[in-house]
Amino acid sequence: QALQEDDEFVRRLLERAGPRPPIPQADLDAIAERARAAWQWQLRNRARTSVRRVVWPLITLLAASLALTVGLAWWATSNGELVPITVARVEAVAGAVSVDGRGLETRQIAVPDEIPLGAVLRSGGAGTVGRVSLRLASGAVVRLDENSRMTLAAAATLRLEHGAVYVDTGAAGLAGGTGERNVEVWTPVGVARDIGTQFTVRIEDSATPRMRVQVREGSVEVERGDQRHVAPAGEELVLRADGGVMRREVARFGDGWEWTLAATGGFPIEGRTMAEFLAWVARETGWRIRFEEPSLADMAALALKWNKPLSAR
């Protein structure tokens, strides 16, 4: 089953990757020259055993395949230098959060670092607290809770090994992002796929690992093998590694969501309006803005329409 899940994961990654830019001609020429040299070497050494005549071409093919695989994760610039594909930017960091992975040295991240494809994020640990808020290229917001480990496996695919992640794809439209906005969160227990939503996914380590999905807005489809479960707003879905499933109502604000607000960098008020600030507060906390008197709502709407920008001073 694990092998089937890995194959399915790779298939989805290839589908999401889409067509890649053509390999530069200089690189193609270099690959062809290496292959030609390897073939000529084989011709000069026919006296060697048949086993070696079979093995070495296979090694050459494997090396070429590895080069092409690495090429999927890197862009070639006009001057021939290879640079990583950026899939996210750091918007806020609270505490210690490190990044490493594909060709990266382990380092602490900061605003406004670019996070490349394949990067592994680790928050907190060893007695330290760390949280981070990222903005994907699509505009979606992704936040990692303390003591978590997550890999940015594709532009809109997250692989959560432990800890918790918060996803807000509804923020994508506000950010003017482009690209794939339907985010998938892969875990050892199952896959959570957003349907225009705000939600959290938490992996709880125990004798029987559990995947806990809480939905604030929209709905989330959770997949495990051939099973499909949909959790609407205001519901929590818990999947156990042994196959058990539990549903229950959950608040859209309060203690379970406080860490997602703590991971933000706050609201930048300079040049912003009160209407924007209230909309931000409502979205980040799950609260709803209501007025005691219906007539006050109309007055407030008119006032917010014409109000002046807020000032940091």
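Residues numbered from 1 in each chain as written. Predicted model: local features only at pLDDT ≥ 70, side-chain atom pairs only at ≥ 80, totals over all residues. Heavy atoms only, no water.

## Thoughts on the nonpolar core
- Of all hydrophobic cores here, the largest spans 38 residues; its most connected members are Met150 and Val165.
- If we ignore the near neighbours within four places in the chain, the residues touching Val165 are Val142, Arg143, Leu144, Met150, Leu158, Leu160, Val185, Phe199, Thr200, Val201 and Trp259. (Core = buried A, V, L, I, M, F, W, Y, C linked by side-chain atoms within 4.5 Å. Buried < 20%, exposed > 50% of the residue type's maximum accessible area, 1.4 Å probe, protein only. Contact = heavy atoms within 4.5 Å.)

## Description of the side chain of Arg224
- Position of Arg224 among the secondary structure elements: in strand β14 (residues 210-224).
- For the buried Arg224, no salt bridge exists, and the shortest N-O distance to an oppositely charged side chain is 6.0 Å, to Asp242.
- A polar side-chain atom of Arg224 sits 3.0 Å from the main-chain carbonyl oxygen of Gly243.
- Residues contacting Arg224, with those up to four places away along its chain left out, are Val189, Leu239, Arg240, Ala241, Gly243, Gly244 and Val245. (Helix = DSSP H or I, 4+ residues; strand = E, 2+ residues; numbered from the N terminus. Lys, Arg positive; Asp, Glu negative; His and termini not counted. Salt bridge = Lys/Arg side-chain N within 4 Å of Asp/Glu carboxyl O. Polar contact = N/O pair within 3.5 Å; in protein donor to acceptor, adjacent residues only side chain to side chain.)

## Overview of the environment of Val111
- Relative to the assigned elements, Val111 resides in the loop between β5 (104-108) and β6 (114-116).
- Judged by its relative accessible area of 49%, Val111 is partly exposed.
- Excluding its chain neighbours within four sequence positions, the residues that come into contact with Val111 are Val90, Glu91, Ala92 and Val93.

## Observations concerning the confidence of the model for the chain
- The pLDDT averaged across the chain works out to 77; a share of 63% of its residues lies at or above 70.
- Low pLDDT (under 50) marks residues 173-179, which in the prediction has 10 contacts with non-local residues, meaning those over four places away or in another chain. (pLDDT = per-residue confidence, 0-100.)

## Focus on the pairing of strand β4 (residues 97-101)
- Counting buried positions along β4 yields four of five residues, so the element is predominantly enclosed.
- In this sheet, strand β7 (residues 119-123) lies alongside β4 in antiparallel orientation, the contact comprising five bridges. Within β7, the position partnered with Gly101 by the bridge is Ala119.
- The sheet contact formed by β4 and β5 spans three bridges and is antiparallel. Directly across from Ser98, in β5, lies its bridge partner Gln108.
- Taking the residues between adjacent antiparallel strands as the criterion, β4 and β5 are bridged by two residues, where Gly103 takes a positive phi near 70°. (Pairing = 2+ DSSP bridges.)

## Brief notes about the pattern of salt bridges
- The final tally for this structure, using the stated rule, is 21 salt bridges.
- Residue Glu223 pairs with Arg228 through a salt bridge whose shortest N-O separation is 3.7 Å.
- Between Arg248 and Glu236 there is a salt bridge; the shortest N-O distance is 2.5 Å. Here Glu236 lies in strand β16 (residues 235-240) and Arg248 lies in strand β17 (residues 245-249), a separation of 12 residues in the sequence.
- Residue Arg248 is classed as partly exposed on the basis of its relative accessible area, which comes to 43%.
- A cluster of three or more residues bridged by salt bridges with shared partners is formed by Glu184, Arg193, Glu221, Glu223 and Arg228.

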